[in-house]
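So the chains spell out like this:
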Amino acid sequence: MIKLFRFVRDKWYFIIMIIALLFLQASADLALPDYTSKIINVGIQQKGVEDAVPNEIRESSMDDLFLFMEDEDIQGIKEHYSLEDDVYHLNKINNQEREQLNEIFGIPMLLTTGLTADSDMLTSLKEEMQVPEETNLLDVFAEMPKDQWNQVLEEMSKEINIEEMSDSIITQSAVKYIQDEYIQMGKDIDKLQSDYILTSGVRMLGVALVSMAAAVSVTFLSCKVAASMGRHLRNNVYRKVISFSGNELNQFSTASLITRSTNDIQQVQLFVTMLFRIVLYAPILGIGGVLKVLNTNSSMTWILAVAVGSIILLVMVLFVVAMPKFKSLQNLIDKLNLVTRETLTGITVIRAFSNQKHEEQRFEDANKTLTKTNLFVNRSMTFMMPIMMLIMNLITVLITYNGALAVDAGNMQVGNIMAFIQYTMQIIMSFLMLTVLSIILPRASVSAKRINEVMETEVSIKSPQDIQRPSSDIKGSIEFDHVSFGYPGAEENVLDDISFKAKKGETVAFIGSTGSGKSTLVNLIPRIFDVTKGAIKINGVDIRQMSLKELRDRIGYVPQKGVLFSGDIESNIKYGKEDATEAEVEKAAKIAQAWDFVSEKPEGIHSAIAQGGSNVSGGQKQRLSIARAVAKDPEFYIFDDSFSALDYKTDVVLRRALKQETGDATTLIVAQRISTILHADNIIVLEDGRVAGQGTHKELLKTCDVYKQIAMSQLSEEELSDE
């Protein structure tokens, strides 16, 4: 998989943007639970008062608080407040300074509240000090000597056990003090509360919009990167397959190469999309959530560990069960494509032999196997979501139970529990996203491996580094110099010690029984395969030392089975020479004896050709294939039994026209019919891959028994005697 990421290097700037946007999205998502917590804690429970730091406080109230502070703390407070009209106003401060002030104000406000409200501590102090019940103890404490006051303060702290009080209780008492202070100052507490909730809600909405915009941008950019990668992969796989020789094509079935070029690349593309959207985002969200949880309340982190451990165990079980099936899916798709392709290609033969039921059963077997495997995988994965939701709900119950105990003990606030639940769900969701990826990863991994197999296959036939070019003085010369050939892995050679020469304008024909190696021999010339031994020379240069493009540009090749491409007649004839004029196309069609049926069509050379030439007959397809080679005006013609679908009359007329119009070209003909090669300059008779004889028709009748037997099977005694 990693090897394929070289195809996204040109989009590195998009990847950087995606990572930056993911951090922005994670920051926004992780900020939302904090806003929820503040709305509950501050907006609802504390009526808009955030902490123990008052924005405004009366001078008399501040003096009461100063009684419980050290001189250093008093000085620090006065530096952050401005006194105007007997009211202290808070100056602009940063978060760190606010935290410091919160710690300073907390305990004094707690003690002041205890001394001004009807409490057991207040009654006890008055009895101990023997002062009337209506006496304000704060006024008494203000007049006390410093040492005596410190002693009283120490006793008060011991009585209410301040050291063991949680920060939450101290903050709540301080908030109550500030609320009472604001009421005394004539402030509208309800408006303060609604303003805080509204402001927090608007900020929360803004953060949610930022998260949404980042998520949409990441999805857009991820799809763009993945689509670009898919395009590059398809182009490279296609170019690689096009460069394959017969040796490499034998390693892969056609159906498999199609699957690798389409479905496999689609799987990798989907994985890359999910990679940037999930794989990178999940760790950012998960780690950020853990840090936020630790800041919220570290005493419940064990619950988080239980949740993560449960999810990891679930994913491991699913992997063990489903992974083997994931690996077999692509091979099963290959098999289904193979059966489908064979059926559609051979539909005529299937109908002729009335074998539709057999082919339907073959398809049904392949389809059923693929369906069963898919169902097994999907059913395995259907358990994941319900179990994951069960884990999430159980964790929520566990957090709520432990949180309720903490709230009851005064160690937490309700909003903190809500935030903890949300952060925990975000962490679990990050793992859930990774598990969703685990569904895609196995198939993508298998697909990537299959794509790499194609990409890393070494092409055995390619242009040499030191290219040799034939001399411009020599043209049309071809020589087989003791050529032998055997297919890779075969025990015996298909061709053994083949030698002959052909000069410019000559016609060399090959004839022999089926399987004698005729087509294999001519396929060695354009280097469909490379010779095992010996050399083939064109114009005096070994074809293995020539550029593949230059070699094949010199050849006009007509295969045994006519091949046409979807388009029109003109595009098919111009396939070897795109700049051919309409007159040249017409001339080529006339030489190939195709003009008669082409001119009869309403649109002439612009008539459509269906995929594979299915809308023309076999003979018409063969003639158009010959016209394509003629339009190229090559130096060498190779006809691999290309006249077999033609009637005798058309065959004779076509060969005569070819001889007249392409007399300067060297022609190599593979034929089954003696009549096709009667006038060849050199006829090579092949038997079991060896030369059984060569010469003209008359010479071979006298010197080659194999040729004579073929001639006797095709020609009458009268025709033989004439010869």
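Residues numbered from 1 in each chain as written. Predicted model: local features only at pLDDT ≥ 70, side-chain atom pairs only at ≥ 80, totals over all residues. Heavy atoms only, no water.

How should I be thinking about the packing of helix α1 (residues 12-45) against helix α9 (residues 189-243) in this particular structure?
Helix-helix packing is described using two parameters, namely the angle between the two axes and the distance between the axes. Their axes nearest at 8 Å, the elements α1 and α9 cross at an angle of 160 degrees. One finds that α1 runs roughly antiparallel with respect to α9. As for the relative orientation of α1 and α9, their crossing is left-handed in sense. Classifying every residue of the contact of α1 with α9 gives 24 nonpolar, nine polar and four charged. (Axes fitted to C-alpha atoms, helices over the stretch in contact; angles between N-to-C directions. Helix = DSSP H or I, 4+ residues; strand = E, 2+ residues; numbered from the N terminus. Parallel < 35°, antiparallel > 145°, perpendicular 65-115°, else oblique. Left-handed = near helix turned anticlockwise from the far one by under 90°. Nonpolar A, V, L, I, M, F, W, Y, C, P; charged D, E, K, R; others polar.)

Would you explain the environment of Leu 329 in this entry?
The topology assignment puts Leu 329 in helix α13 (residues 301-345). Judged by relative accessible area, which is 0%, Leu 329 ranks as buried. Residues Leu 329 and Ala 490, 161 residues apart in the sequence, show an inter-C-alpha distance of 32 Å. When residues no more than four places from it in sequence are discounted, the contact partners of Leu 329 are Leu 370, Thr 373, Asn 374 and Arg 443. (Buried < 20%, exposed > 50% of the residue type's maximum accessible area, 1.4 Å probe, protein only. Contact = heavy atoms within 4.5 Å.)

Is there a simple way to think about the packing of aromatic side chains in this case?
Given two aromatic rings, one states the distance between the centres and the angle between the planes to describe the pair. All chains considered together, the criterion is met by 13 aromatic pairs. With centroids separated by 4.6 Å and ring planes inclined at 20 degrees, the aromatic side chains of Phe 480 and Phe 500 adopt a geometry described as stacked. Highlighted residues: Phe 480 in strand β4 (residues 478-485) and Phe 500 in strand β5 (residues 495-502), separated in sequence by 20 residues. Comparing Phe 480 with Phe 500 shows no difference in burial state: the two are buried. Here the aromatic rings of Phe 485 and Tyr 487 are separated by 4.9 Å at their centres, their planes lie at 80 degrees, and the arrangement is edge-to-face. Three or more aromatic residues joined by ring pairs make a cluster, and in this case those are Phe 66, Tyr 81, Tyr 88 and Phe 105. Across from the ring centre of Tyr 182, 5.9 Å away, lies the NZ or CZ of Lys 187, which sits over that ring. Positioned above the aromatic ring of Tyr 281, the side-chain terminus of Arg 277 is 5.7 Å from the ring centre. (Phe/Tyr/Trp six-rings, centres within 6.5 Å; stacked < 30°, edge-to-face > 60°. Lys NZ or Arg CZ within 6 Å of the ring centre and 35° of its normal.)

What should I look at first to understand the pattern of salt bridges in this one?
It is possible for side chains bearing opposite charge to pair when their charged atoms get close. All chains considered together, the criterion is met by 21 salt bridges. Between Arg 58 and Glu 181 there is a salt bridge, with its nearest N and O atoms 2.8 Å apart. Of this pair, Arg 58 sits in strand β1 (residues 56-58) while Glu 181 is found in helix α8 (residues 167-184), placing the two residues 123 residues apart along the sequence. For Arg 58, a relative accessible area of 28% gives the class partly exposed. The class of Glu 181 is buried, set by a relative accessible area of 5%. Each of Arg 469, Glu 550, Arg 554 and Glu 635 takes part in a single network of salt bridges with overlapping partners. (Salt bridge = Lys/Arg side-chain N within 4 Å of Asp/Glu carboxyl O.)

Just to check I follow, could you spell out the sheet that holds strand β12 (residues 636-640) for this structure?
Sheets are built from strands that pair by backbone hydrogen bonding, the pairs being arranged parallel or antiparallel. Strand order in this open sheet of six strands is β9-β12-β13-β6-β14-β15, and the pairing throughout is mixed. At either end of the open sheet lies a strand with only one pairing partner, and these are β9 (555-558) and β15 (690-695). Going from strand to strand, the sheet's axes swing by 15 degrees on average, the running direction of each strand aside. With five bridges connecting them, β12 and strand β13 (residues 666-670) associate as parallel partners. Paired with Phe 636 across the two strands is Thr 666, which belongs to β13. (Pairing = 2+ DSSP bridges.)

Sorry, what's going on with the sheet that holds strand β3 (residues 87-90) here?
Reading across from one edge, β1-β3-β2 is the order of the three strands in this open sheet, with antiparallel pairing throughout. Unpaired on one side and paired on the other, β1 and β2 (81-84) mark the two borders of the sheet. Geometrically, the sheet is characterised by an average inter-axis angle of 25 degrees between neighbouring strands, direction not taken into account. Looking at chain direction, β1 and β3 are connected through three bridges and run antiparallel. By the bridge assignment for β3, Ile 57 is matched with Tyr 88. Set on the sheet, helix α2 (residues 59-66) makes contact with β1, β2 and β3; between it and β1 the angle comes to about 85 degrees.

Looking at this structure, how should I read the environment of Gly 76?
On the secondary structure map, Gly 76 appears in helix α3 (residues 71-80). Look at Gly 76 and you get buried, because its relative accessible area is 18%. Each C-alpha atom of the pair Gly 76 and Glu 97 lies 9.8 Å from the other, and the pair is 21 residues apart in sequence.

Help me understand the layout of surface pockets, please; the structure alone is not making it clear to me.
Over the atoms a probe the size of a water molecule is rolled, and this reveals where empty space is left. The volume enclosed by the largest pocket comes to roughly 2,800 Å³. Those elements giving two or more residues to the lining of the largest pocket turn out to be α9, α10 (246-249), α11 (254-279), α13, α14 (347-352), α19 (548-553), β9 and α23 (618-632). Top contributing element to the lining of the largest pocket by residue count: α11, with five residues. Residue composition of the lining of the largest pocket, by class: 23 nonpolar, 16 polar and 10 charged. (1 Å grid on protein atoms, 1.4 Å probe; cavity = no way out; pocket = protein on both sides within 12 Å on 5 of 7 lines; lining within 4 Å. Points joined across faces, edges and corners; volume = space filled by probe spheres on them.)

Just checking my understanding: could you explain α3 for this structure?
One turn of an α-helix holds 3.6 residues; hence residues three or four places apart share an orientation. Of the residues making up α3, those classed as buried are Ile 74, Gly 76, Ile 77 and His 80. Buried positions in α3, seen along its axis, are confined to an arc of 160 degrees and lie on one side of it. Exposed residues pointing more than 90 degrees away from the buried face of α3 are listed as Asp 71, Glu 72 and Glu 79. (Arc of directions from axis to C-beta.)

I keep staring at the pairing of β15 and nothing clicks. Help me out?
The side chains of a regular strand alternate, residue by residue, between the two faces of the sheet. Pairing analysis gives five bridges linking strand β14 (residues 682-687) to β15, with the strands arranged antiparallel. Each bridged residue has a counterpart across the sheet, and for Leu 686 the counterpart in β15 is Val 691. Counted along the chain from β14 to the antiparallel partner β15, the turn is two residues long, and its residue Asp 688 has a positive phi close to 55 degrees.

Could you clarify how one ought to interpret the pairing of β13 in this entry?
With five of five residues buried, β13 lies mostly within the body of the structure. In β13, alternate side chains face the same way, and those of Thr 666, Leu 668 and Val 670 on one face and Thr 667 and Ile 669 on the other are all buried. Relative to β13, strand β6 (residues 507-512) runs parallel, the two being bridged by four bridges. Bridging from a neighbouring strand, Thr 507 pairs with Thr 667 of β13. Of the crossover connections in this fold, the one passing from β12 over helix α24 (residues 648-661) to the parallel β13 is right-handed. (Right-handed = clockwise from strand over helix to strand, strands pointing away.)

Looking at this structure, how should I read unusual backbone geometry?
The general pattern is negative phi for most residues beyond glycine and trans for most peptide bonds. A positive phi angle, near 65 degrees, is found at Asp 86, a position not held by glycine. Relative to the helices and strands, Asp 86 is located in the loop between β2 and β3. Judged by relative accessible area, Asp 86 falls into the exposed class, the value being 52%. Of note, Asp 688 is a non-glycine position whose phi angle comes to about 55 degrees, a positive value. Relative to the elements of secondary structure, Asp 688 occurs in the loop between β14 and β15.

Explain the nonpolar core here, please?
When a protein is soluble and globular, its nonpolar side chains tend to lie buried together. Membership of the largest hydrophobic core comes to 81 residues, with the highest contact counts inside it found for Leu 4, Met 229, Leu 233, Val 268, Ile 395, Ile 399 and Ile 451. The set of elements that each furnish at least two residues to this core consists of α1, α9, α11, α12 (281-296), α13, α15 (356-382), α16 (384-408) and α17 (414-455). Take this core: its biggest share by element is 17 residues, from α17. The next biggest cluster of nonpolar side chains, apart from the first, holds 47 residues, and it includes Ile 511, Ala 589, Ala 631 and Leu 658. (Core = buried A, V, L, I, M, F, W, Y, C linked by side-chain atoms within 4.5 Å.)

I would appreciate a short explanation of the side chain of Asp 496 in the present structure.
With respect to the element layout, Asp 496 can be found in strand β5. On the basis of relative accessible area, Asp 496 is assigned to the buried category, the value being 19%. A distance of 3.1 Å separates a polar atom in the side chain of Asp 496 from a polar atom in the side chain of Asn 493. When sequence neighbours within four positions are dropped, the list of residues in contact with Asp 496 reads Val 483, Ser 484, Gly 689 and Arg 690. (Polar contact = N/O pair within 3.5 Å; in protein donor to acceptor, adjacent residues only side chain to side chain.)

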